[in-house]
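Take a look at the letters that make up each chain.
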Amino acid sequence: MIGYVISKSELEPLIEAEASGWLQKAKDRTETFRTQGFYEESSSIWSEVKAVYMRLQGEGKCAYCERKLEGVELGKGEQDVEHFRPKSNVRVWKMPKSLVDAGVVQTKPAEDGGGYYLLPYNIFNYAASCKPCNSVLKKDYFPIAGNYELKGEDPRKLKKEKPFLLYPIGDFDDQPETVIKFHGVSPQPAAASGHKRHRALVTIEFFKLDDSAKRKNLFRERAMVIVVLHPQLKKAATGGNSAEAVQARQIVDGFTSSKSAHANCARSFKRLFETDPAEAQAVFDRAVELIHSIS
């Protein structure tokens, strides 16, 4: 994961440019939910602004696994508008024993406690997600370490809930790259202890980001990033303004751009190459073997 920093004053004009009048309609619907005391409506309008998040997230990347999907013109059907905090119901996520053993403790939501009924149309409760991450894995789960505030109406003021999952849009949550880093194709916690470490462990497990069996294509794609990057990093490191060095730097810049798939993996590998070239070579060799084994 990587973050896409944007303020409310920057995001709202993008929403209105995509769907004029949407913000007022969203406000009106939210007031209806407030009166009802729960979320229920016969039709929704969040799909009208899906393209805004697709563009924001690197022109079609999944917010969670960083797979590169098709852009706005052809890719709407393969991406969901993901509600970060579930709108109707919050289900108990079955935490694996490995996380329990690591000291992670989650708060159990109240049975039939409902969902975040004032957030279905909050622009900071959306992300564009691939269907495996959203429909198969995320569903109505939202594990936290604090207390649920289901009546909350501004995600920017809900930090006390201490969510385990990372929200990559905006300027108020932890930036994902300060929480999750990569060593080769494998995501790892960036922090040695504390809630940030637990956030990394849960996010990685929740979206199966380190499950090479269930997410084989993720691993292969990350390995391909490393295999392409390594020789270009070596060429770029020679310095100079030769055509080859300039082109190598352009390729590195492209692979580490926020618009590229698996940018966190690429950036982590670039840092490894700069600090420990021998280990970077070993990681490259393993990436080559991985591609060969699953191609």
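Everything numeric in this text was worked out from a predicted model, so none of it was measured. (Residues numbered from 1 in each chain as written. Predicted model: local features only at pLDDT ≥ 70, side-chain atom pairs only at ≥ 80, totals over all residues. Heavy atoms only, no water.)

J.: Is there a simple way to explain the environment of Asp 80 in this structure?
T.: Among the structural elements, Asp 80 can be located in strand β1 (residues 79–83). When the C-alpha atoms of Asp 80 and Cys 133 are compared, they prove to be 9.4 Å apart, with 53 residues separating the residues in sequence. Ignoring any residue separated from it by four or fewer positions in sequence, one finds Asp 80 in contact with Lys 50, Ala 127, Ala 128, Ser 129, Lys 131, Asn 134 and Ser 135. One polar contact links Asp 80 to Asn 134, side chain to side chain, over a distance of 3.0 Å. (Helix = DSSP H or I, 4+ residues; strand = E, 2+ residues; numbered from the N terminus. Contact = heavy atoms within 4.5 Å. Polar contact = N/O pair within 3.5 Å; in protein donor to acceptor, adjacent residues only side chain to side chain.)

J.: How do you make sense of the pattern of salt bridges when you look at a structure like this?
T.: Between side chains of opposite charge, a pair can form as their charged atoms come close. Enumeration over the complete set of coordinates arrives at 18 salt bridges. For Lys 8, the salt bridge is made with Glu 12, and the minimal N-O distance between the two is 3.9 Å. Here the residue Lys 8 and the residue Glu 12 both occupy positions in helix α1 (residues 8–18), the gap between them amounting to four residues, near one helical turn. With relative accessibility at 36%, the residue Lys 8 sits in the partly exposed group. A salt bridge links Asp 174 to Arg 199; its shortest N-O distance comes to 3.0 Å. Pair noted here: Asp 174 is in the loop between α6 (131–138) and β3 (180–183) and Arg 199 is in helix α7 (residues 194–206), with a separation of 25 residues, a long-range link. Judged by its relative accessible area of 24%, Asp 174 falls in the partly exposed class. The class of Arg 199 is buried, set by a relative accessible area of 3%. Three or more residues joined by partner-sharing salt bridges are found here, namely Glu 31, Arg 34 and Glu 153. (Salt bridge = Lys/Arg side-chain N within 4 Å of Asp/Glu carboxyl O. Buried < 20%, exposed > 50% of the residue type's maximum accessible area, 1.4 Å probe, protein only.)

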